[in-house]
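Coordinate analysis (summary)
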Amino acid sequence: MRAYLAHVELPNPILAAAGCAGTGRELSAFADVTRFGALTTRSITMAPRAGRPTPRMAETPSGMLNAVGLQGPGVEAFLARELPWLAERGARTVVSIGGGSVAEYTALARRLADAPGVTAVEINLSCPNVDDRGRVFARDGGAAAEVVASVRAAMRYDVPVVAKLAPDVADVVAIARACVDGGADALAMINTPIGMSIDVDAMRPALAAGTGGLSGPAIRPLAVRCVWQVHAALPGVPLIGMGGVTSGRDALELVLAGACAVAVGTTLFHDPYACPRILRELEELLHERGFDRLADAVGLAHRPAHRNDLEESPL
Amino acid sequence: MRAYLAHVELPNPILAAAGCAGTGRELSAFADVTRFGALTTRSITMAPRAGRPTPRMAETPSGMLNAVGLQGPGVEAFLARELPWLAERGARTVVSIGGGSVAEYTALARRLADAPGVTAVEINLSCPNVDDRGRVFARDGGAAAEVVASVRAAMRYDVPVVAKLAPDVADVVAIARACVDGGADALAMINTPIGMSIDVDAMRPALAAGTGGLSGPAIRPLAVRCVWQVHAALPGVPLIGMGGVTSGRDALELVLAGACAVAVGTTLFHDPYACPRILRELEELLHERGFDRLADAVGLAHRPAHRNDLEESPL
Amino acid sequence: MAGTPVQVTGTVLTTRRVDAYHALTVVAPGIADRFRPGHFVTVAVGGPQTSMLTRRAFAVHDVKSDYGGTVEFVFAVRGPGTAWLADRKARDALDMVGPLGRPFPLPRDPATCLLVGGEYGSAPLFALADALHQRNCRVDFVLGAASSDRVFGALRARRIGETTTLTTQDGSLGMRGSVVDVLPAVIADTRADVVYACGPMPMLRGVTAVCVEFDIPVQVSVEEAMACGIGICMTCVVPVIGDDGATRMVRVCTEGPVFRGERVRFDDVGTIPFDALGAPGGDRGR
Amino acid sequence: MAGTPVQVTGTVLTTRRVDAYHALTVVAPGIADRFRPGHFVTVAVGGPQTSMLTRRAFAVHDVKSDYGGTVEFVFAVRGPGTAWLADRKARDALDMVGPLGRPFPLPRDPATCLLVGGEYGSAPLFALADALHQRNCRVDFVLGAASSDRVFGALRARRIGETTTLTTQDGSLGMRGSVVDVLPAVIADTRADVVYACGPMPMLRGVTAVCVEFDIPVQVSVEEAMACGIGICMTCVVPVIGDDGATRMVRVCTEGPVFRGERVRFDDVGTIPFDALGAPGGDRGR
Ligand SMILES: Cc1cc2nc3c(=O)[nH]c(=O)nc-3n(C[C@H](O)[C@H](O)[C@H](O)COP(=O)(O)OP(=O)(O)OC[C@H]3O[C@@H](n4cnc5c(N)ncnc54)[C@H](O)[C@@H]3O)c2cc1C
Ligand SMILES: Cc1cc2nc3c(=O)[nH]c(=O)nc-3n(C[C@H](O)[C@H](O)[C@H](O)COP(=O)(O)OP(=O)(O)OC[C@H]3O[C@@H](n4cnc5c(N)ncnc54)[C@H](O)[C@@H]3O)c2cc1C
Ligand SMILES: Cc1cc2nc3c(=O)[nH]c(=O)nc-3n(C[C@H](O)[C@H](O)[C@H](O)COP(=O)(O)O)c2cc1C
Ligand SMILES: Cc1cc2nc3c(=O)[nH]c(=O)nc-3n(C[C@H](O)[C@H](O)[C@H](O)COP(=O)(O)O)c2cc1C
Ligand code: FES
Ligand code: FES
């Protein structure tokens, strides 16, 4: 079942989400990563990063918190050792990038511009902006747009630039619009909202970093809502939906809300075969509902209804 | 175990959350509502409201969405039939108010100002501001502060005014600060973040209203994080913590993060005896940990640690 | 309404399959004692650490006095909660709250009562029939469903009812069609004084329309998605016309589930009728 | 590393209690086939619709060839996931992934091996002992715990070990104190060539310090909170010194759980050492 990420064709709409599929090699013991719609890398940074201290994870009801802190070997090692492995096998790779300033994102884009095997670049905007006292880009439309524009300018024209948004903002549509105005070819949502858990025995935060990103089915309603709102406001913009997808039904929920591709994150930790399984389930569900093409289902839940009135509810 | 809401003493720190305890009469078949720390009413509006069409609820992983839409009989009927029932029995009642404009909140506060039996007024700021194209007050520090200031001015000086915040904002501390600057005696958090669920069989939103408020354990990590952040920034401000509390351990999590009272919402739907049970469990946990007074545990997880570094994590 | 509801951790006594349905009998003394026909219970599903937060509502099919009091309910597997219930075995614990709701009101004097059930909606009608018999009422049944395996209680209806008419959409049992199709003839034949109905909303609407035409009272037991079952969440409302003629959004779980049929605005279920008390626009559109 | 891991839905064959612990034997052919001592498995807990998302990791205690291959692991109830596991019964299904991790490396030539286990950390040492015996190694045991009911495998150790030394913190079994306290004497007595250790982090640190002092190699099996167990989430890292002398935050689940003891920076576990590759400040503090 073909899918499109802007003008780039993917063999199917089920992607692995950033930071949840390792380098691809680990998962390939279980599933053929070259058959994923695409594999998104963890966010690559300029310099190597050791990340956050442990404990880095805590389980929460139907969710988990993580504070990995973008551990990774830096862009040079990534280009030398990780991207080629994926490229040689013909995997589609969405390279996620993370930076602390517009300049750093731009430098990363330049470094990726002539690397073979980059299917798209995804800008992880949930990074603290060192020039704005650590306010994350995803919470500031202006800063986000600036990053997007300069990455877009630095990348090859035929490589789509995807801006990845966070749900914990007052108005996700405003941020989405700023990114599209800045030149984003597509949007990905949602990154993890910030959460926290306290170990009541130690009487300390469960994560060494204190707060962490909340992922898993617990946040799916936030993801569906963000995709829904952004698709309603910007129907022409391709959206990669993610957040708590565990099954074909969950993927379909995001598709009906407006996503033209769906990424799987936390579920991979539980089920390393999740991507092919979810694809199979999604195909079956679409088939049962009489859809030949994915595109016919994208955003379908927006069609006008009789009983429903679809504004945001006050409570 | 005594608790304090600003200067008002409560017999214990476990409250029923707004909109989750009916009028008090229904729950009293199961538990003695006069022994709750306090019972928060659903948000009272000036005029009667029929609320939203059904379906108004959808279950989500470890959570539920609701779009009740503040159904209620209006403030006059509330004062005539509901508040007296609670007052006569000696229940402590936190009256939640909801409005579409500063003027409406103010009018509500005036109407409540001389009503007997109002332990505190809680301002539900998650209502759309009709003067700002429906932007909810809780997402706009300025508008929130204006509401708080005028409610504070209209209420009797000895009745604490509590501002209730939502988590789906870019910076909850900024909103909290605006409310405190506006005169809030205490803050309640969190109200439900907006979420959505799609019925993949009907291929329509599961709620008639489209979006709804997400509650239950799924959002507890967001609640703990908000309480933590606000307590860190405004350590002197009393906080009522809520969001997914199901047990004494969950309540303790919020207390350790900085809440001096804890409200129980969605759990009451599952377990109408939840308030006394959670109180008992919390007392036991505090006792096991050697605390004589609740106050000694409030915010304790903030004490400096060796291994931990507690900034917000980028991911 | 017979006293206040209670929460009990009961023990599953027996499980059985009845055609397309599952039936669980649970030892739950406090609930059995207080039961009246038309009451429902809510059941916690999923066990410890489940992601399913809300209780599931089921009409009580039967109560018995053995083991201090047992409660039986009948259900179709629909989603994950009922799938979990279908896996329960004898001796498992089950957390139930009940009895809940407004039961069927009984006629003061002996009357001819027609009991109409659709799908698992037949389940609560047998306890009602027993209570009616005790008041020397005549009881007739009309039971229907999509197919024969979904008609619940046909045998028992035949045993205890004066007459029993069965309908299926596919014609696999009884008359082909719906209970509403056969209703006028049955009312005429039995000279029913009153109708009790439980089943899907469209069926209740149809039954009510027929009864209005025949000008006989009809009591319907309504189903609406519920988060609490005890009146505190306000999610289960339907538009109902009050004694004063005004329409209010009332809670199925506490004001219902049994209503006088002609009071329920079936055509407006799933909307807020513009003339409902507090409807948007009526007073202020927020 | 013996081949690639697999996911299997196994069937519980037997459950047993062993003092403070539970042991589950699961029919899981694909995993048993590939097992080498030191491997671990991860288990999905909570059943359908559970709120518990992450698999739980357990060292493999034993594999057998019956029923096509069984895997046994031993665990203490700690939180809701292990509580759920403790409720499993024979014939229940269990979703397992394994074998995972880097197993214990075996000496090429016969050697005297001292196996040190703390609490349930003893569990993986018996399969290791068998493998060592097959290579004609001498095996001695030191097992310890807080109290006698938490010392796992004392009998079996006595049966198969050349010597077995037991310690408990409360003195209820063997010597009072910790395995670390008795280690120097045991190393001296047994003339151990190499030490293998599995248990809590402070124990591994102590064991490693003693081995460094005696200048004998030590292999430790480390435990760190894990979200995936297969190397894709990066949550399970500890600071480890590489062959090049540089410290890296490496994954316990794939580079470990078995490491050379002196390479693990035990004092810095739970921190990012300032000199680790990519540490904040080292290059750029974000
Ligand atoms: C008063 C009353 C009596 C009922 N009696 C019976 C009965 O005797 N036999 C029977 O099979 N079913 C009965 N139902 C319907 C039954 O409650 C639902 O089928 C059941 O809740 C579905 O749960 P699930 O997890 O399988 O499905 P899901 O669709 O996954 O349920 C998800 C959520 O929606 C709620 N929900 C969805 N549909 C309904 C509904 N129609 N009514 C109430 N809640 C709903 C559930 O409580 C749950 O919170 C009754 C409902 C009500 C309100
Ligand atoms: C390689 C390895 C081997 C292990 N072998 C054994 C064994 O043989 N016997 C045994 O009893 N225990 C073993 N453990 C520890 C075991 O995994 C935890 O006790 C278990 O995960 C706790 O789950 P819970 O739900 O009961 O507790 P909770 O504390 O509620 O667990 C919550 C979450 O934290 C994670 N977690 C918490 N502590 C640990 C930990 N120490 N290690 C890994 N994940 C953790 C869990 O996976 C889960 O995601 C091993 C751990 C590792 C990493
Ligand atoms: C352990 C972990 C690491 C992650 N790392 C990244 C990352 O490097 N960059 C990024 O943009 N998102 C990262 N994410 C967010 C996911 O890509 C995804 O947006 C989020 O987890 C929601 O999807 P899920 O619920 O399916 O996991 C990470 C998530 C997890 C759980
Ligand atoms: C059905 C329902 C109705 C609610 N109504 C109100 C309300 O009227 N006013 C308000 O401030 N909050 C309302 N809330 C929010 C709760 O008070 C609480 O902030 C939120 O549900 C989080 O807590 P919980 O997870 O314990 O439910 C409502 C929540 C639910 C589930
Ligand atoms: S189900 Fe909660 S009020 Fe009826
Ligand atoms: S547990 Fe996920 S990388 Fe080790």
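Predicted model only: the values in this text are computed from it and were never measured. Numbers given for residues are sequential positions, taken from 1 along each chain in its written order. As a convention, the first chain written is A and the first ligand written is 1, with the rest following in written order. A pLDDT threshold of at least 70 governs which residues receive local features in this predicted model, and a stricter bar of 80 or more applies before side-chain atom pairs are shown or counted, although totals over entire chains, interfaces and linings include all residues. By convention in this description, side-chain values take in all heavy atoms of the structure and omit both hydrogens and water.

Time to look at the UniProt feature "binding site: [2Fe-2S] cluster" (unreviewed entry) in chain C. UniProt positions are given in the numbering used here, feature names are shortened, and annotations may be inferred rather than shown by experiment. The positions that UniProt labels "binding site: [2Fe-2S] cluster" (unreviewed entry) are, in the present scheme, C228, C233, C236 and C253 of chain C. Spatial clustering of the annotated residues is evident: they stretch over 26 residues in sequence, but the largest pairwise C-alpha distance comes to 10.1 Å. Along the chain, C233 of chain C falls in the loop between β12 (218-221) and β13 (237-241). The buried label applies to any residue whose accessible area, calculated with a 1.4 Å probe on protein chains only, is under 20% of its type's maximum; exposed applies above 50%, and partly exposed to all values in between. The exposure class assigned to C233 of chain C is buried, which follows from its relative accessible area of 5%. Ignoring any residue separated from it by four or fewer positions in sequence, one finds C233 of chain C in contact with V68 and F269 of chain B together with A227 and C228 of chain C. Starting at the N terminus, helices and strands are each numbered in turn, a helix being any DSSP run of H or I of at least four residues and a strand any DSSP run of E of at least two. Examined against the element boundaries, C253 of chain C turns out to sit in the loop between β14 (247-251) and β15 (258-260). We call two residues contacting when some pair of their heavy atoms lies within 4.5 Å. Setting aside its immediate chain neighbours within four residues, C253 of chain C contacts F40, G101, M226, G229, I230, G231 and C236 of chain C.

Our focus in this paragraph is the UniProt feature "domain: Dihydroorotate dehydrogenase catalytic" (unreviewed entry) in chain A. Following the UniProt record, the feature "domain: Dihydroorotate dehydrogenase catalytic" (unreviewed entry) maps to residues 5-286 of chain A here. With 32% helix and 20% strand, residues 5-286 of chain A has end C-alpha atoms that lie 19 Å from one another.

A few words now on the relation of the copies chain A and chain B. There are two copies of the chain, and a rotation about an axis plus a shift along that axis relates them. Structural alignment of chain A on chain B gives an RMSD of 0.0 Å, achieved by rotating through 180° and translating 0.0 Å along the axis. On this basis, the relationship between the two copies can be described by a two-fold rotation axis. A symmetric contact is evident, with 100% of the interface residues of chain A recurring at the interface of chain B. For this overlay, a least-squares fit was computed on C-alpha atoms, restricted to residues scoring pLDDT of at least 70 in both copies.

Residue and element names in this part refer to chain C. By this definition, two strands are paired if DSSP reports at least two bridges between them. Pairing within the open sheet is mixed, and its seven strands lie in the order β10-β9-β8-β7-β11-β12-β15. Only two strands of the sheet have a single partner each, and these edge strands are β10 (175-176) and β15. Note: strand β8 (residues 138-145) against strand β9 (residues 164-168), five bridges, orientation parallel. Bridge pairing in β9 places F141 opposite T164. All axes are obtained by fitting lines to C-alpha atoms, using only the stretch in contact for helices, and the reported angles, taken between N-to-C directions, cover 0 to 180 degrees. Strands β7 (112-118), β8, β9, β10 and β11 (194-198) of the sheet are contacted by helix α5 (residues 179-190), whose axis makes an angle of about 165° with β8.

Attention now moves to the confidence of the model for chain A. The pLDDT averaged across chain A works out to 95; a share of 97% of its residues lies at or above 70. Note that residues 307-315 of chain A has pLDDT below 50 and, in this model, 45 contacts with residues that lie over four places away or in other chains. The predictor reports its confidence for every residue as pLDDT, a score running from 0 up to 100.

In the region of ligand 3, 24 residues are neighbours, and A18, S43, K164, G244 and T266 of chain A sit closest. The rule for a residue being near a molecule or strand is that one of its heavy atoms must lie within 4 Å of it. Residues close to ligand 3 are split across chains A, B and D. The contact in question runs from an oxygen atom of ligand 3 to an N or O atom on the backbone of G265 of chain A, over 3.0 Å. Protein coverage of the free-state accessible area of ligand 3, which is 600 Å², stands at 98%. Residue composition of the shell around ligand 3, grouped by class: nine nonpolar, 13 polar and two charged. Two N or O atoms form a polar contact when they lie within 3.5 Å of each other; inside protein one atom must be a possible hydrogen donor and the other a possible acceptor, and for residues adjacent in sequence the pair counts only when both atoms belong to side chains. Method for areas: the Shrake-Rupley scheme with a 1.4 Å probe, in which residue coverage is limited to the protein chains shown. For this classification, the nonpolar set comprises Ala, Val, Leu, Ile, Met, Phe, Trp, Tyr, Cys and Pro, the charged set comprises Asp, Glu, Lys and Arg, and every other residue, Gly included, is treated as polar.

Chain A puts 70 residues into the contact, and the matching count from chain B is 71 residues. Buried area is understood as the total, over both parts, of accessible area removed when two parts are fitted together, assessed with a 1.4 Å probe. Here chain A and chain B share an interface that buries about 6200 Å² over both sides, 56% of which is from carbon and sulfur atoms. Throughout this description, the term salt bridge denotes a Lys or Arg side-chain nitrogen within 4 Å of a carboxyl oxygen of Asp or Glu. Remark: the boundary between chain A and chain B carries five salt bridges. One salt bridge in this structure joins R249 of chain A and D201 of chain B, with 3.0 Å as the shortest N-O distance. The interface formed by chain A and chain B holds 19 residue pairs in polar contact (both at pLDDT 80 or more) in total. Contributing elements (two or more residues each) for the side of chain A that touches chain B: β6 (63-66), β11 (194-196), β13 (204-205), β14 (211-215), α5 (220-233) and α6 (248-257) of chain A. If you tally residues by element for the side of chain A that touches chain B, the top one is α5 of chain A, at six residues. In the side of chain A that touches chain B, the residues fall into 38 nonpolar, 16 polar and 16 charged.

Our next topic: the side chain of T25 of chain D. Looking at the secondary structure, you find T25 of chain D in strand β2 (residues 21-27). Once you skip the residues sitting within four places of it in the chain, T25 of chain D turns out to touch T11, V12, L13, T14, T70, V71 and E72 of chain D.

If you check the shell around ligand 4, you find 24 residues, and the closest are A18, S43, K164, G244 and T266 of chain B. Among the chains of the assembly, those with residues near ligand 4 are chains A, B and C. In this structure, an oxygen atom belonging to ligand 4 sits 2.7 Å away from a main-chain N or O atom of A18 of chain B. The separation between an oxygen atom of ligand 4 and a polar main-chain atom of G265 of chain B is 3.0 Å.

Right, let's talk about the sheet that holds strand β7 (residues 93-97) of chain B for a bit. All names here are of chain B. Judged by pairing direction, the barrel is parallel, and its eight strands sit side by side in the order β3-β4-β7-β8-β9-β10-β15-β16 before closing back on the first. Sheet twist, expressed as the average angle between the axes of neighbouring strands with direction ignored, equals 25°. Most of the contacts of helix α6 (residues 248-257) go to strand β16 (residues 261-264), to which it runs at about 140°, and overall it touches β3 (14-16), β15 (239-242) and β16.

On to the UniProt feature "binding site: FMN" (unreviewed entry) in chain A. The UniProt feature table records "binding site: FMN" (unreviewed entry) at N124, K164, I190, G216, G243, G244, G265 and T266 of chain A. Structurally, the position occupied by G216 of chain A is in the loop between β14 and α5. On the basis of relative accessible area, G216 of chain A is assigned to the buried category, the value being 3%. Turning to its location among the elements, T266 of chain A is positioned in the loop between β16 (261-264) and α7 (267-270). Taking relative accessible area as the criterion, T266 of chain A reaches 13% and is therefore assigned buried. Once you skip the residues sitting within four places of it in the chain, T266 of chain A turns out to touch C20, M64, S215 and G216 of chain A together with L53 of chain D.

Residues and elements named next belong to chain C. An automatic or database domain assignment supplies the start and end points of every domain. Partitioning chain C into structural domains gives domain 1 (6-100), domain 2 (112-221) and domain 3 (223-285). On a C-alpha basis, the centroid separation for the pair domain 1 and domain 2 is 24 Å. A combined buried area of about 1200 Å² lies between domain 1 and domain 2, and 63% of that area is made up of carbon and sulfur atoms. Of all residues in domain 1, the largest losses of buried area upon contact with domain 2 belong to Y21, P37 and H61, amounting jointly to 45% of the total for that side. In this structure, the connection of domain 1 to domain 2 is made through one salt bridge. Ionic pairing is found between R156 and D62, a salt bridge with its closest N-O pair at 3.7 Å. One can count five residue pairs in polar contact (both at pLDDT 80 or more) joining domain 1 with domain 2. Tallying contributions element by element places strand β4 (residues 56-64) first for the side of domain 1 that touches domain 2, with four residues. When grouped by side-chain class, the residues that make up the side of domain 1 that touches domain 2 number nine nonpolar, one polar and three charged.

Attention now goes to the packing of aromatic side chains. Residues and elements named next belong to chain C. In this scheme Phe, Tyr and Trp rings, the latter by its six-membered ring, pair at centre separations within 6.5 Å, and the angle between planes marks the pair as stacked below 30 degrees, edge-to-face above 60, and tilted otherwise. Enumeration over the complete set of coordinates arrives at 20 aromatic pairs over all chains. Each residue in the set Y21, Y120, F126, F141 and F152 is aromatic and connected to the rest through ring pairs, giving one cluster. Geometry around W84 places R88 over its ring, the cationic atom sitting 3.8 Å from the centre. Either the NZ atom of lysine or the CZ atom of arginine qualifies as a charge over a ring when it sits within 6 Å of the ring centre and within 35 degrees of the ring normal.

Our focus in this paragraph is α5 of chain C. Residue and element names in this part refer to chain C. Residues V179, V182, L183, V186, I187 and T190 constitute the buried set of α5. Along the axis of α5, the buried residues cluster in a sector spanning 145°; they form a single face. Contact partners of the buried residues in α5: β7, β8, β9, β10, β11 and α6 (201-214). Trailing α5 by a residue or two, R191 shows a phi angle of about 55°, which is positive. Comment: arc refers to directions from the helix axis out to C-beta atoms.

What follows concerns the UniProt feature "binding site: FAD" (unreviewed entry) in chain C. All names here are of chain C. In this structure's numbering, the residues bearing the UniProt feature "binding site: FAD" (unreviewed entry) are G81 and T82. Residue position: G81 is located in helix α2 (residues 80-86). In this structure, G81 is in contact with V45, M52 and R56, ignoring residues within four places of it in sequence. In this view, T82 contacts F58, F75, A76 and V77; residues no more than four positions away in its chain are not counted.

Moving on, we get to the confidence of the model for chain C. Here chain C averages 95 in pLDDT, while 97% of its residues score no lower than 70. Across the interface, the model reports ipTM at 0.96; the global pTM reads 0.96.

Within a regular strand, the side chains alternate between the two sheet faces. Residue and element names in this part refer to chain A. Judged by which residues are buried, strand β10 (residues 186-189) turns out to be covered on both faces: A186 and A188 on one side and L187 and M189 on the other are all buried. Sheet topology places strand β9 (residues 161-165) next to β10; four bridges connect them, and they run parallel. The residue bridging V162 from the neighbouring strand is A186, located in β10. Consider the strands pointing away from the viewer: the crossover is right-handed when the path from the first strand over the helix to the second runs clockwise. A crossover connection joins β9 to the parallel β10 through helix α4 (residues 172-181); in handedness this β-α-β unit is right-handed.

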